[in-house]
Amino acid sequence: MGTKKALVCGAGGFIGSHMVRRLRAEGYRVRGVDLKHPEFSPSAAHEFVIADLRLRESWDALLDEGTDEVYQFAADMGGAGYIFTGENDARVMQNSAMINLQAAEFAVLRGVQKIFYSSSACIYPAYNQEDPDHPNCSEESAYPAAPDSEYGWEKLFSERLYLAFARNYGLNVRIARFHNIFGPEGTWRGGKEKAPAALIRKIAEQEDGGTIEVWGDGQQTRSFLYIDECIEAVRRLMEGSFAGPVNIGSEEMVTIDEMAGMIMKIADKRMTIRHIPGPTGVRGRNSDNRLLRAQLGWEPTQSLFEGLAKTYKWIEAQANAARWNISAPAAEEVAIAAR
Ligand code: NAD
C-alpha cells in the first residue's frame, strides 16, 4: 500500500497542529490548511496552505482526489470568555457552519475515504448539567437537544449534517465529542484560552502568596483531557469502524477550585482565590466513557495532575519569555528541561 494522504483542516490551531505531527510520525503525507500558521512552532506538515475554508474555492483547490483522510478541526472557537458572552454568537455559527457545509460536500465530491469531525461536549443539554456532582453526558442524552451556547448548536447541526451525508451519499465519517482538551501549544492568553491554561497563566505570573481570580464560585465541575490522549483516541476512532458520535474526554471530574489547587501544588505556590462574576457555562460536566471503552476497547489513563504539570512547564516558559521579551523555547525543549 502507498503512502496515505491526509488533509488537516485547522492545522494552525491547537489540536490540528498536534494531529499533523502525529500523522507525519505515522508516515502520512500531510497537507495542513488554516487561516494562520501555528502560533508556537512551525507546522510539521509537508505542505501548509493559508486559506479560508468557508470558501468553495479553497476546498476546490485543496482537497485532491486521492486524499485518503480529512481531519476537520477548523472552527471559530474559544473558551468561556469567547463563546458564552453572546457577543460572538452570529460569527461562531456562521463561520463554522460554512466550513462544515463545504467539508461534507467536497469530501463526497472528491471521494475521500474517511473524514473526522470534531464535535464538542457543548452539544449536551444544559438541563442534564445542573447538578455539579452528577452531570449526564452519555452520548444518547444529546436529545431532546438544549445546548447552552450557539457554539454547541452549530456543533450539533454539523454532526447531523455529516450523518445525513453519510446516509444519503455514503460519506464515511467519524465523529467525536471532545471534552476540554488541554496541553502545551494551546492558547494561553488573549481571551480565547480555556480554564486550565487561564489558571496556569494566572498562577505562573504571580508571586507566591498572591491572589488569583476565578470566574464564578469555583464549584462548577469539569473534566480535562491531555492533548496526547485526544490524538490517540482520534487515530483509534479513524482506524476502527465505529462512526460515533462518541465522547473523547476524561472521567476525572474536578471543581475549578480543585484544579486551581492542583496547579498551585505543581507551582509550589500558596495563593488566595478571589471569586468574581464571569461566564462559567453549565454547572457540571464530565465525560462518560462507556461507549468509548466499548467501541474502541481503550480509554485515557493519564491523570489530570500529570497533564497539568507538563502544561505548567510550557506556559511558564511562554509567560517568562513574554515578560523578558525574548523568544519562547519550543515545546520539545521545555519537555526536555522538565525531565
Ligand atoms: P483552535 O481554535 O486552536 O483551532 C481551530 C483552527 O481553525 C484555528 O487555527 C483557526 O484559525 C482555524 N479556522 C477558523 N476558521 C477558519 C477558516 N474559515 N478557514 C480555515 N481555518 C479556520 O481550536 P482547537 O482547540 O484546536 O479545536 C479544534 C476543534 O476541536 C474545533 O472544531 C473545536 O470546536 C473542537 N473542540 C475543541 C475542544 C477543546 O477543548 N480544545 C473541545 C471541544 C471541541
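Everything quoted here is computed from the prediction, not taken from an experiment.

Student: Sorry, what's going on with the overall build of the protein chain here?
Tutor: In terms of regular secondary structure, the protein chain is built from eleven helices and 13 strands. Radius of gyration (C-alpha) of the protein chain: 19 Å, near the 20 Å computed for a compact globule of 339 residues. With the C-alpha coordinates aligned to their principal axes, the bounding extent of the protein chain is approximately 60 × 45 × 40 Å. Across the 339 residues that make up the protein chain, the buried fraction comes to 53%. Residue pairs at least 24 apart in sequence account for 77% of intrachain contacts in the protein chain once pairs closer than 6 positions are excluded. Accessible area for the protein chain stands at about 14,800 Å²; split by element, carbon and sulfur atoms hold 50% of it. One finds the centroid of the 38 positive side-chain charges in the protein chain at a distance of 3 Å from the centroid of its 46 negative side-chain charges.

Student: Mind showing me how you'd approach the domain arrangement of the protein chain here?
Tutor: It is common to give the size of an interface as the accessible area that goes away when the parts come together. Assigned domains of the protein chain: these are domain 1 (5–182 + 224–248) and domain 2 (195–223 + 253–283 + 303–338). On a C-alpha basis, the centres of domain 1 and domain 2 stand 26 Å from each other. At the junction of the two partners, domain 1 supplies 19 residues and domain 2 supplies 23 residues. Here domain 1 and domain 2 share an interface that buries about 1,700 Å² over both sides, 71% of which is from carbon and sulfur atoms. Among the residues domain 1 hides against domain 2, the three largest losses belong to Pro 132, Phe 182 and Phe 224. Together they make up 41% of the total. Between the two partners, domain 1 and domain 2, sit zero salt bridges. Counting the contacts that link domain 1 with domain 2 gives four residue pairs in polar contact (both at pLDDT 80 or more). For the side of domain 1 that touches domain 2, the secondary-structure elements that each account for two or more residues are helix 3 (80–83) and strand 10 (225–226). Class assignment for the residues of the side of domain 1 that touches domain 2 results in ten nonpolar, five polar and four charged.

Student: Help me understand the packing of helix 8 (residues 256–267) against helix 10 (residues 304–324) in this model?
Tutor: Geometry of a packed helix pair, given as the angle between the helix axes and the separation of the axes. Close contact between helix 8 and helix 10 brings their axes to 10 Å; oriented N to C, the two are set at 55°. Comparing the axis directions of helix 8 and helix 10 gives the class oblique. Here helix 8 and helix 10 pass one another in a crossing that is right-handed. Contacts between helix 8 and helix 10 involve Met 259, Met 262, Ile 263, Lys 265, Ile 266 and Ala 267 from the first element and Leu 304, Phe 305, Leu 308, Ala 309 and Tyr 312 from the second. Each residue belonging to the contact of helix 8 with helix 10 can be placed in one class, and the counts come to ten nonpolar, no polar and one charged.

Student: Help me understand the pattern of salt bridges in this model?
Tutor: Side chains that differ in charge, positive against negative, can pair when their charged atoms come close. Under the counting rule described, the total for this entry stands at 21 salt bridges. Where Arg 21 meets Glu 185, a salt bridge forms, and the shortest distance between an N and an O atom there is 3.0 Å. Within this pair, whereas Arg 21 is found in helix 1 (residues 14–25), its partner Glu 185 is found in the loop between strand 7 (181–182) and helix 6 (195–205), the two being separated by 164 residues in sequence. Assessed through its relative accessible area of 26%, Arg 21 is described here as partly exposed. Measuring nitrogen to oxygen at the nearest pair gives 3.9 Å for the salt bridge that ties Arg 235 to Glu 69. In this pair, Arg 235 is assigned in helix 7 (residues 227–239) and Glu 69 in strand 4 (residues 69–72), connecting sequence segments 166 residues apart.

Student: Teacher, can you tell me more about the environment of Glu 26 here?
Tutor: With respect to the helices and strands, the residue Glu 26 is situated in the loop between helix 1 and strand 2 (29–34). It is 26 Å that separates the C-alpha atoms of Glu 26 and Leu 53, two residues lying 27 residues apart in sequence. Within the local environment of Glu 26, its side chain forms a polar contact with the side chain of Arg 22, the two groups lying 2.7 Å apart.

Student: What is the right way to look at the side chain of Arg 177 in this model?
Tutor: The topology assignment puts Arg 177 in strand 6 (residues 173–178). At 3.0 Å, the side chain of Arg 177 forms a polar contact with the side chain of Tyr 124. Within the structure, Arg 177 has its side chain in polar contact with the backbone oxygen of Glu 139 (distance 3.1 Å). Beyond its immediate stretch of four places on either side in the chain, Arg 177 contacts Ser 119, Ser 120, Ala 121, Ile 123, Tyr 124, Glu 139, Ala 142, Glu 159, Pro 245, Val 246, Asn 247 and Ile 248.

Student: How should empty space enclosed by the protein be read in this particular structure?
Tutor: Over the atoms a probe the size of a water molecule is rolled, and this reveals where empty space is left. Here the structure, examined in full by the defined rule, presents one cavity of 30 Å³ or more. For the largest cavity, the calculated volume is near 40 Å³. If you trace the largest cavity, you find it lined by Phe 182, Phe 224, Leu 225, Tyr 226, Ser 250, Glu 252, Gln 302, Ser 303 and Leu 304.

Student: Just to check I follow, could you spell out helix 8 for this structure?
Tutor: Because each turn of an α-helix spans 3.6 residues, side chains separated by three or four positions in sequence point in the same direction. Along its twelve residues, helix 8 runs 16 Å from first to last C-alpha, staying within 8% of the 16 Å computed at 1.5 Å per residue. On its buried side, helix 8 packs onto helix 6, strand 8 (211–215), strand 9 (221–222), strand 12 (254–255), strand 13 (272–276) and helix 10.

Parameters and conventions
- Residues numbered from 1 in each chain as written.
- Predicted model: local features only at pLDDT ≥ 70, side-chain atom pairs only at ≥ 80, totals over all residues.
- Heavy atoms only, no water.
- Helix = DSSP H or I, 4+ residues; strand = E, 2+ residues; numbered from the N terminus.
- Rg over C-alpha atoms; globule rule 2.2 N^0.38 Å.
- Buried < 20%, exposed > 50% of the residue type's maximum accessible area, 1.4 Å probe, protein only.
- Contact = heavy atoms within 4.5 Å.
- Areas by Shrake-Rupley, 256 points an atom, 1.4 Å probe, with all protein chains shown as cover.
- Lys, Arg positive; Asp, Glu negative; His and termini not counted.
- Charge placed at Lys NZ, Arg CZ, Asp CG, Glu CD.
- Domains from an automatic or database assignment.
- Buried area = accessible area lost by both parts, 1.4 Å probe.
- Salt bridge = Lys/Arg side-chain N within 4 Å of Asp/Glu carboxyl O.
- Polar contact = N/O pair within 3.5 Å; in protein donor to acceptor, adjacent residues only side chain to side chain.
- Nonpolar A, V, L, I, M, F, W, Y, C, P; charged D, E, K, R; others polar.
- Axes fitted to C-alpha atoms, helices over the stretch in contact; angles between N-to-C directions.
- Parallel < 35°, antiparallel > 145°, perpendicular 65-115°, else oblique.
- Left-handed = near helix turned anticlockwise from the far one by under 90°.
- 1 Å grid on protein atoms, 1.4 Å probe; cavity = no way out; pocket = protein on both sides within 12 Å on 5 of 7 lines; lining within 4 Å.
- Points joined across faces, edges and corners; volume = space filled by probe spheres on them.
- Expected span 1.5 Å × (residues − 1).

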